[in-house]
Structures are given as structure tokens and as C-alpha cells.
Amino acid sequence: MINKQSGVYHTTSVDAAKSNRTTLFLAGHKRTYGDFREKQRQVDAPCLDDITNTTEFHHPTVHQDNVLAPLEAGKVQDVVDRDLSIYSQRRGLALTPTITSNPLLALSHPAYGLPKQLVDNFASVGIKSIYPWQSECLLKSGALGGENNLVYTAPTGGGKSLVADVLMLKKVIDTPGEKAMLVLPYVALVQEKMRWLRKVVEGITKTPASPFLGERRPSAWRKRGDEDSVRVAGFFGGSKTKATWDDMDIAVCTIEKANSLVNAAIGDLTIGRLGVVVIDELHMIDDEIRGYILELMSTKLLSLEQKVQIIGMSATLNNAELLAKWLDNAKFYISRYRPVPVEEHLVFDNAVYPASSSTIFYKTATQLNTQSENASQLKPEPTRLITQALSKELNSPLINAVVALSNETARAGYGVLVFCSSRVGCEKDAMLISQVLPSAGEVDFSAAEKRRDLLSDLRSTTTGLDPILEKTIPFGVAFHHAGLTTEERDAVATAYDQGVIKVIVATCSLAAGINLPARRVILHGARMGAELVGPSLLRQMRGRAGRKGKDEIGETYLCCQKSDLEAVAELMEADIPSVESCLLPGKRGIKRALLEVIATKLAMSNDSIDDYIRKTLLFHSIDRNELAEMVLSTVQELKETRLIEEFNGSEYSATSLGQAIVASSLTPEDGLFVHRELRKAMQAFVMDGEMHVLYSFTPVQAAHGNINWQIFRKEVDRLDESNLRVLEFVGLKPHVLNKLAQGGSMKESTAQEVEIARIYRRFYAALQLRDLCNEMPVHAVARKYDIPRGIVQNLAQTCHGFAAGMIKFCKRMNWGALEAVLDHFSDRLRAGAKSDLLALAEITYIKSRTARIFWENGFKSVAAVAAADVKDIMPVLLLAQPKKPRLSPQDEAQYLNKLKGKADIISKSANHLWEREMQAQLYEEE
């Protein structure tokens with residue numbers, strides 16, 4: 001049922017929970033049976049007694065809405081009998097050479113010079129030997145000794161990451177004074193890699209530093225005790241890391257954080273401590289939205305006086321030679337080795353065709369698409385056929401094929417990864433696949449128990465259990481997309497890796513952001529939204545097939561409908577596009593590149609700017625005369641926008657505004673927009689409310705999302721007088737909101753209209769931040785604004801980094817008063833709570849609404865929580881959990897056990913914080 005009164009235009013999880021109860025209709029009012037019985041006990045109502053006591057009355061049957069109706073999937077049948085079943089027998093495969101035949105495949109070989117503890121740690125995570133190509137790349141590239149930069153490419157699953165790991169770890173272990181930086185494109189990959197590296201470096205001691213290096217810290221300082229170990233820190237949006245080079249040896253960063261670290265290190269003259277930079281997914285360098293920052297960062301490193309080794313790798317790179325030339329004539333290595341062979345198939349109209357190469361795929365698809373027009377043309381012969389299921393839910397041949405192929409693999413005990421074009425498609429496919437798989441009562445006890453355990457984990461999160469996952473997980477199926485929270489995605493991915501979940505349905509856009517290889521990869525079409533995916537993304541999705549150590553073979557099935565056959569065939573036949581510079585004319589990167597090098601004083605004259613430009617990838621991609629004209633026009637534009645100023649005729653320096661933009665990690669375009677907004681705030685800042693601060697903290701990137709205009713209007717109608725003044729000051733007009741809420745559209749044809757639309761979207765996101773800061777849980781905010789929970793959580797995480805950037809912006813602009821106001825509010829932003837709860841919010845798991853419930857139940861300080869027993873914390877933690885449906889005794893016990901584990905962590909965290917406070921007080925008294 002759609003809850004229009006709340007402004008939410010879909011069935012929410014709360015609506016689902018409310019509807020999952022038996023009801024009676026009485027006197028025109030609908031109430032739950034439980035409410036009816038409670039009312040009966042409290043009020044004397046003879047007429048109701050007559051109803052409930054009559055022998056004709058039957059207790060209503062409770063329907064379990066979370067139990068899916070079973071369906072029968074189509075059968076996948078071989079047209080020609082095959083000698084070996086890929087599910088019952090291991091195929092005879094050419095084995096990778098072993099250490100016995102090639103001793104260099106052992107990382108313990110003296111040629112690599114790795115400490116025994118590191119080799120043992122690699123073995124503990126399953127790396128007992130390496131592949132021949134990895135050995136050759138390490139030993140023959142000159143990178144192992146740090147002499148050369150290196151660019152290399154290898155297929156997904158081919159072991160490319162290990163080469164970079166060995167090079168990076170050897171550098172920081174052998175030369176303790178030097179640091180390493182690993183750059184990854186997505187937060188999830190940063191978090192995963194950070195955890196993995198910490199396992200690998202456990203117990204490792206760095207080579208003693210040379211006495212000539214001296215002690216970097218003043219001798220009066222206390223040593224932390226971990227200086228000789230290898231320390232790994234993560235830098236990403238929403239992380240709390242404030243580590244310096246003294247606190248870490250390896251920095252694992254997102255692209256934006258890596259560039260900020262380099263800028264800061266150049267500015268404070270500590271860049272000389274950086275020894276090696278590893279860039280994963282190097283092909284993203286031509287991504288105009290984010291990846292171009294890789295070129296900016298790398299070019300700055302190439303422009304330094306001292307040598308910084310650069311290692312670049314990718315699975316989808318076809319011009320490695322050009323990139324190697326750019327990176328100071330780096331060595332380049334190309335591997336096409338896959339440890340697990342992959343069979344590729346095209347599925348069309350319930351028939352499976354072989355597609356072992358793009359040429360065969362193209363030929364097959366073209367013949368299938370034209371056979372109806374030319375009956376005499378030879379029709380390709382399918383190798384397998386899929387019977388059409390009888391259920392109406394599966395009447396589409398495309399859906400029938402996806403479900404049947406998933407069913408076949410999951411029932412055989414292997415993992416399946418299905419890619420869909422949208423979040424809604426993911427959830428629908430997950431439901432349908434669940435309906436054809438064995439229920440919890442039909443699988444072995446251990447598997448059912450682990451799935452119940454996963455459900456308990458998800459129920460105990462602050463957002464509660466997603467209603468669709470609640471239905472699909474008992475069948476071993478889950479979905480994975482940006483609408484889920486980080487905790488949900490991590491739990492699902494871990495369960496899949498452990499074999500608890502057999503099928504994951506993910507969006508195409510997450511193909512590069514997840515590390516979830518599968519026995520069988522199924523593409524439900526080849527679209528991302530309405531558009532076809534590109535060749536690189538398609539290869540990344542298909543590259544997830546086959547898991548070394550778990551599968552002896554991998555399979556990909558690209559399921560198409562007739563209208564897409566020809567386009568998909570061309571896509572398969574297309575080469576991966578060459579990587580090119582994003583500083584080219586028509587792209588925005590050049591302006592940021594020049595501003596950053598001038599602001600960091602790497603280039604301050606026409607000659608030094610020319611030297612910098614010669615170090616860019618752009619220099620290898622464009623006519624020299626055109627390049628010179630573009631640089632001159634960009635410098636002129638930077639002067640006109642007052643981001644730099646010229647003196648002595650040919651020398652430049654960044655203005656306060658230019659320095660502020662670079663310090664806050666903004667693009668020049670975003671920086672100028674923020675400057676205009678903050679200038680308006682300086683003229684009239686509303687101090688008797690919180691909306692103006694929150695608007696200032698809302699990331700400008702949030703101004704690209706969709707708006708539910710009815711909800712927006714309703715929230716604006718509820719604003720008090722002070723916050724309505726904020727609305728006026730930032731430029732929003734209530735009558736325009738009314739028009740848009742009634743079905744009007746916002747024009748964005750001119751630059752001024754685009755900026756106005758940006759302000760409206762940013763204010764809409766600021767309303768969500770307001771609710772988060774006032775202790776409304778993520779799931780409640782998502783329900784209120786009709787957006788996925790993961791999107792709300794991402795806003796909450798990214799605003800932390802943006803808020804820190806805004807404080808730096810104000811500091812560089814010498815806006816001390818505004819800086820103080822923003823700084824004072826930033827702690828509330830991080831805690832998701834009001835000021836009185838900031839201390840409590842430091843405790844693990846106690847944030848937002850949970851902190852308020854602890855406060856209301858007498859735990860008003862860290863000391864109070866630290867002094868409490870776990871049994872005293874448990875009841876309060878139960879009160880803070882989202883509402884959950886009635887559970888079986890077994891599920892209830894599991895749920896309580898998970899909460900007890902959380903209560904233990906809360907107690908330990910509180911004790912740790914309290915001890916730290918006591919130590920700080922003792923130091924002050926000394």
C-alpha cells in the first residue's frame with residue numbers, strides 16, 4: 001500500500017512490517033488482532049464478547065508474507081552429450097608450473113629478498129607460490145630494486161595485484177624511512193585492501209634505519225612502540241584517519257584522498273619521504289569525472305626533484321606502451337594469463353551458443369539477428385537449450401534463461417554472479433531466483449543455520465533487516481547495489497565468499513567496485529540503465545568468472561533479447577578504447593592541473609609551467625602548437641577568475657581563493673560556486689538555526705541527485721522562521737517549489753539556470769543532513785525522502801570530508817568567524833547527534849538515536865557506560881534497535897546473541913576511551 005500521507009510514494013520496510021500482521025475490521029475501523037484483544041481486556045464490551053466467544057468464530061490465519069511462493073525453473077539441457085560434466089568431474093586442464101619445476105615461483109627464493117615472516121604471512125592468506133608471468137615481471141622489469149617505474153596489464157583474476165604488493169612491501173621494509181601509497185578507485189576496495197594488508201604485514205619488523213638518517217622526532221617525545229612495525233592506514237571519504245607520515249608506512253587511498261595527500265606533502269615539504277606510489281585501475285585515468293585526478297597527481301610526482309617510483313596496473317589497458325613512455329620511460333609488461341580458463345556463451349531465445357572469442361560471438365549474434373530475414377542463411381547451432389518455465393513470472397525468455405542458469409549452478413553448489421542494469425532489476429531477479437531454489441527446510445542444517453546467522457547479523461545493524469533480503473537470504477540469494485548500506489554490502493559479500501550465499505545479483509556499475517569472483521557470471525542484458533555498457537566495463541563483468549582455488553573453470557553467459565543482439569555483437573567485437581588524457585581541449589582537467597601546480601609552487605613561471613606540461617600525458621597526445629595555445633588560454637582564464645595573479649610579467653602565484661580551492665580539494669568550477677555561496681553567507685549568516693551551517697556542509701556533488709518535489713515542498717512548509725530566512729538567503733523561492741511539486745520541470749539550459757538547479761538540489765540534501773544530525777536513523781531518513789538507505793549513508797559519510805574542506809577553505813580565506821562556526825558544528829555532523837551526546841558518540845556503535853537512548857536511560861557519560869556490566873547495556877541496546885517482526889525462538893536467540901556481542905564491544909570501547917581520558921588527565925597533572 002502506498003503511504004501518500006507520509007509523502008513516501010512506495011511501500012517502505014515499515015509499511016511492510018505493519019502489514020505483516022493479522023487484522024480484523026470492526027465498526028469501520030481497521031486494527032490489528034493484538035490491539036483488538038488488548039482493548040477487549042481493558043474495556044467491557046459485551047457485543048465483542050459475544051463475537052469472540054461464539055463457537056462459529058475462527059482465529060484468523062497468520063500469513064507469512066516473508067515466505068516466497070515456490071516456482072519451477074526451466075531446465076538447461078545439452079543438445080549434444082558431452083564427455084565430461086563441468087559439475088561432476090574436474091576437467092583435464094593444463095596446470096600452472098610448480099615450485100618443483102621452477103624454484104623462482106617460490107616467494108622465499110633469494111632473488112626476491114623478502115623476509116621469512118612476509119613469505120609466511122602470504123602463505124597464511126593462501127599465496128604459497130606465484131605464476132611464471134609474475135616472477136618474470138618482478139625480476140626482469142628492474143622494479144624490484146626500485147630502479148624503474150612499471151606499467152603492466154593482466155586479466156582480472158590473473159594475479160596482477162600481488163606484483164604491486166610485493167614491490168610496495170619490499171620498499172617499506174627495506175627502506176624504513178620511505179613510505180608507500182596505494183591508490184584505488186572505490187571506498188569498498190580501499191577498506192578491503194587495508195584489512196588484507198594488515199594481515200599480511202602482521203609481525204613484520206622493518207630493516208633498521210641507517211644511523212645517518214637520524215631520529216625524525218624530538219627525543220623528548222614518547223615513542224608509540226610501533227615504529228619498527230609496518231603500519232597501514234586508510235584514507236577515504238568518511239574515514240576518521242588523521243595520520244601523518246610519522247604514523248604510517250602504507251597509505252591506502254581513494255583517488256581524491258591520494259591527490260590531497262600529495263598536495264599537502266608538497267606544501268609542508270615532507271614529499272621526500274614518499275618512496276613508491278601504486279595506482280590500481282590505471283585505465284581510469286581518462287575518466288573525466290574522477291580519474292583525471294590520477295594524471296594530475298602522477299605528473300606532480302614526475303615533476304619532483306627526487307625519484308618516486310610509480311607502479312601502474314590495469315586489466316583493461318591496450319596502450320600500456322604510451323603510458324609507460326609518459327611515466328618516465330617505465331618498463332611495461334603485458335600478460336594474458338588466466339589461472340582459471342573461462343568459457344563464454346551467448347544466450348538468446350532460450351538457446352545457448354558458444355562464444356569463445358569476440359569474432360565467434362559477433363558472427364553468431366549477427367546470424368541470429370538476420371536469420372528471420374534470410375531463411376537460406378545457415379543458422380548457428382546451439383549447444384544447450386533451456387525449456388520454458390510454465391510460471392507467468394518467468395514467461396519472458398530472457399528472465400527464464402537468467403533464472404534457469406542461476407538455478408543450475410547454485411543447486412550444483414557453485415557461486416553465481418548476476419549483473420543487472422538497475423537496482424530495481426537486481427531486487428526482482430533476486431526474488432525470482434530465490435523462488436526456484438530449495439527452501440531453508442530442504443538444504444542441509446549447517447547451511448540453513450549460517451543463513452539464519454546472516455539474517456541475525458543484518459537485523460542487529462542500526463538500519464535493521466531489508467525486507468527483500470529477509471525473503472531471499474534463506475534461499476541463499478542476495479542482491480548487492482548502492483542502495484544498501486556499507487554494513488549490508490559487507491555482510492552479503494562476506495557470506496558469498498564463505499559460500500553461505502550462492503547467488504548475488506549486482507548492478508553493472510558495481511562490477512569494478514566489488515571483488516566477488518564466481519563460477520558462473522550471468523549478464524542480464526548488457527545495459528547500465530538505458531545505455532549499453534562500454535567495452536571495458538563489459539570485460540570487467542565477464543572477468544569475474546572463475547575463482548582460483550575454488551573453481552577449476554569459469555563461465556560467462558550474456559543473455560540478450562533480439563533488439564539488443566546486433567548492438568551487443570558490435571560491443572563484443574569492439575576493442576577496448578585507448579586511454580587518453582583528460583586534460584585535452586573540451587575537458588575540464590587542465591584548469592585544475594595548472595591551478596594545483598601554481599598553488600603548491602611546483603610551477604610559478606611560464607618556463608616551469610612549460611616543464612610541468614611536458615611531464616603530462618597530454619603532452620604525448622596533442623599537437624604542440626595547440627597545446628601551447630590551450631595553456632595560455634587556461635592561464636588567462638585562471639587570472640580572470642582571480643584564482644591566480646601575475647607579477648614581473650611572467651611569474652604567477654595563487655590568490656587566497658586559489659589556495660583555498662586547492663586546500664579543500666575542489667575543482668576550480670566547484671570552488672567558485674562554493675565561494676559565491678559562502679560570500680552570501682558572510683553577508684547574512686543565520687545563527688539562530690542550523691540549516692545555514694548544514695547547507696554549507698552539504699557536498700556540492702550532492703547537487704546531482706533526483707528530488708521528490710512533493711516531499712521537498714512539505715519539508716519547506718515545516719521550516720520555522722529562521723530556517724525560512726536561510727531559504728531566502730541561498731536563493732530558493734517557495735512559489736517555484738509549489739510549481740515543481742505540481743508537476744513542473746526545472747529548466748537547466750543556461751549557466752544561470754544550472755546553478756539555480758544546483759542550489760535546489762543541494763538544499764534538498766541539506767534537509768537530509770539536518771535530520772541525520774538530529775538523531776534520525778539512516779533508514780528513517782531514507783524512508784522519509786524516498787531514497788535508498790545506501791545513498792543516505794553515503795551522503796553522511798562524504799559530508800565529513802567536505803565539511804573539513806570547507807573549514808580549510810574558510811581558514812585560507814581568513815574568514816575566521818565563519819571557520820569557527822563551521823568547526824563547532826562539524827563534531828555534530830560526525831556524531832549524527834546533538835551537542836549533549838558528542839562524548840557518548842565516541843563509543844563504538846553508539847551514534848545518533850542509539851546515543852540518545854543511552855542518555856535517556858541514565859548513561860550520560862563515557863564513564864557511566866564503562867562502569868556498566870554488559871547485562872546492564874543489553875536492555876538499552878535492545879531499545880535502540882529498529883522494530884523487527886516476531887521471530888522463532890531459535891532466530892530470537894541468535895538475534896540476542898549478536899546484540900550481546902555488540903554490547904561487549906560497546907563496553908570495551910567505553911573502557912578504552914575512559915582509560916585514555918584518565919591518562920590525559922594524569923599527564924596534565926604532571
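Higher on the page you've got the structure.
Residues numbered from 1 in each chain as written. Predicted model: local features only at pLDDT ≥ 70, side-chain atom pairs only at ≥ 80, totals over all residues. Heavy atoms only, no water.

Novice: Would you explain the overall build of the chain in this entry?
Specialist: Counting secondary structure elements, the chain contains 35 helices and 22 strands. Per-residue burial over the chain gives 51% buried out of 926 residues. Considering only intrachain contacts with a sequence separation of at least 6, the fraction spanning at least 24 residues in the chain is 74%. (Helix = DSSP H or I, 4+ residues; strand = E, 2+ residues; numbered from the N terminus. Buried < 20%, exposed > 50% of the residue type's maximum accessible area, 1.4 Å probe, protein only. Contact = heavy atoms within 4.5 Å.)

Novice: I tried to follow the packing of aromatic side chains on my own but got confused; where do I start?
Specialist: For any pair of aromatic rings, geometry is given as the distance between the ring centres together with the angle between the planes. The final tally for this structure, using the stated rule, is 12 aromatic pairs. Ring centres 6.1 Å apart and planes at 45° place the aromatic pair Trp 133 and Tyr 152 in the tilted group. Taken together, the residues Trp 133 in helix H5 (residues 132-140) and Tyr 152 in strand E4 (residues 150-153) connect sequence positions 19 residues apart. A single burial state applies to Trp 133 and to Tyr 152, both of which are buried. A centroid spacing of 6.1 Å and a plane angle of 40° characterise the contact between Tyr 695 and Phe 763, whose relative ring orientation is tilted. Taken together, the positions of Tyr 695 in helix H24 (residues 691-697) and Phe 763 in helix H28 (residues 751-773) put the pair 68 residues apart, joining distant regions of the chain. (Phe/Tyr/Trp six-rings, centres within 6.5 Å; stacked < 30°, edge-to-face > 60°.)

Novice: How do you make sense of the sheet that holds strand E11 (residues 342-348) when you look at a structure like this?
Specialist: Backbone-to-backbone hydrogen bonds join strands into a sheet, with any given pair of strands oriented parallel or antiparallel. Judged by pairing direction, the sheet is mixed, and its 9 strands sit side by side in the order E3-E13-E12-E11-E20-E17-E14-E16-E15 without closing on themselves. The outermost strands of the open sheet, each flanked by one partner alone, are strand E3 (76-78) and strand E15 (477-480). Within the sheet, the average angular offset between the axes of one strand and its neighbour, ignoring direction, is 25°. Relative to strand E12 (residues 351-354), E11 is paired through 4 bridges, and the arrangement is antiparallel. Its bridge partner being in E12, Val 347 is matched across the sheet by Val 352. Contacts between helix H13 (residues 423-436) and the sheet are confined to strand E14 (416-420), E15, strand E16 (503-507) and strand E17 (520-524), with E16 contributing the most and set at about 165° to the helix. Its contacts with the sheet place helix H18 (residues 565-573) against E11 and strand E20 (554-560), and it is angled at close to 145° to E20. (Pairing = 2+ DSSP bridges. Axes fitted to C-alpha atoms, helices over the stretch in contact; angles between N-to-C directions.)

Novice: Got a minute to help me understand the nonpolar core in this structure?
Specialist: The nonpolar side chains of soluble globular proteins are, as a tendency, buried together. Among the nonpolar cores identified, the biggest contains 129 residues, and Met 181, Phe 712, Phe 763 and Phe 809 are the most heavily contacted of them. The residues touching Phe 763, leaving out its near neighbours within four places in the chain, are Met 691, Tyr 695, Phe 712, Leu 719, Val 726, Leu 727, Val 730 and Leu 732. (Core = buried A, V, L, I, M, F, W, Y, C linked by side-chain atoms within 4.5 Å.)

Novice: Is there a simple way to explain the packing of helix H23 (residues 668-683) against H28 in this structure?
Specialist: Orientation of H23 relative to H28, taken along the N-to-C sense of each, is 70°, at an axis distance of 12 Å. It follows that H23 is roughly perpendicular to H28 by the angle criterion. For the element pair H23 and H28, the recorded crossing hand is right-handed. Residues Asp 670, Phe 673, Arg 676, Glu 677 and Lys 680 of H23 pack against Glu 755, Arg 758, Ile 759 and Arg 762 of H28. (Parallel < 35°, antiparallel > 145°, perpendicular 65-115°, else oblique. Left-handed = near helix turned anticlockwise from the far one by under 90°.)

Novice: Is there a simple way to explain the pattern of salt bridges in this structure?
Specialist: Pairing between side chains of opposite charge can happen when their charged atoms approach one another. This model, assessed by the stated rule, comprises 41 salt bridges. The partner of Arg 770 in a salt bridge is Glu 715, with the nearest N and O atoms 2.8 Å apart. One end of the pair, Arg 770, is in helix H28; the other, Glu 715, is in helix H25 (residues 709-717), and 55 residues separate them in sequence. Residue Glu 715 is classed as buried on the basis of its relative accessible area, which comes to 4%. Shared partners join several salt bridges into a network, and the residues in it are Asp 78, Arg 384, Glu 408, Arg 520 and Glu 555. (Salt bridge = Lys/Arg side-chain N within 4 Å of Asp/Glu carboxyl O.)

Novice: Looking at this structure, how should I read the sheet that holds E4?
Specialist: Read across the open sheet, the 7 strands follow the order E6-E7-E5-E8-E9-E4-E10; overall the sheet is parallel. Both outer strands of the open sheet, strand E6 (232-235) and strand E10 (331-334), are each paired with one neighbouring strand and no more. On average, each strand axis in the sheet is tilted by 15° relative to the strand beside it, whichever way the strands run. Looking at chain direction, E6 and strand E7 (residues 250-254) are connected through 4 bridges and run parallel. Within E7, the residue paired with Ala 233 across the bridge is Ala 251. Contacting E4, strand E5 (179-184), E7, strand E8 (274-279) and strand E9 (309-314), helix H6 (residues 160-174) crosses the sheet at an angle of about 165° to E9.

Novice: Whenever I open this one, helix H7 (residues 187-200) confuses me. Can you help?
Specialist: The end-to-end C-alpha separation of H7 is 20 Å, in line with the 20 Å expected for 14 residues at 1.5 Å each. All of the buried residues in H7 are Leu 189, Val 190, Gln 191, Lys 193, Met 194, Leu 197 and Val 200. (Expected span 1.5 Å × (residues − 1).)

Novice: Explanation requested: the pairing of E5 in the structure shown.
Specialist: Regular strands place their side chains on alternate faces of the sheet. E5 sits mainly inside the fold: 6 of its 6 residues count as buried. With burial as the criterion, each face of E5 is covered, one bearing Lys 179, Met 181 and Val 183 and the other bearing Ala 180, Leu 182 and Leu 184. Here E5 pairs with E8 via 5 bridges, running parallel. Its bridge partner lying in E8, Lys 179 is registered against Leu 274. Across 5 bridges, E5 lies against E7 in parallel orientation. In the sheet register, Leu 182 faces E7, and the bridge partner there is Val 252.

Novice: Hey, could you run me through the side chain of Arg 452 in this one?
Specialist: With respect to the helices, strands and loops of the structure, Arg 452 is situated in helix H14 (residues 445-459). On the basis of relative accessibility, which here comes to 17%, the residue Arg 452 falls in the buried class. Residue contacts for Arg 452: discarding those within four places in its chain leaves Phe 445, Gln 890, Asp 891 and Gln 894.

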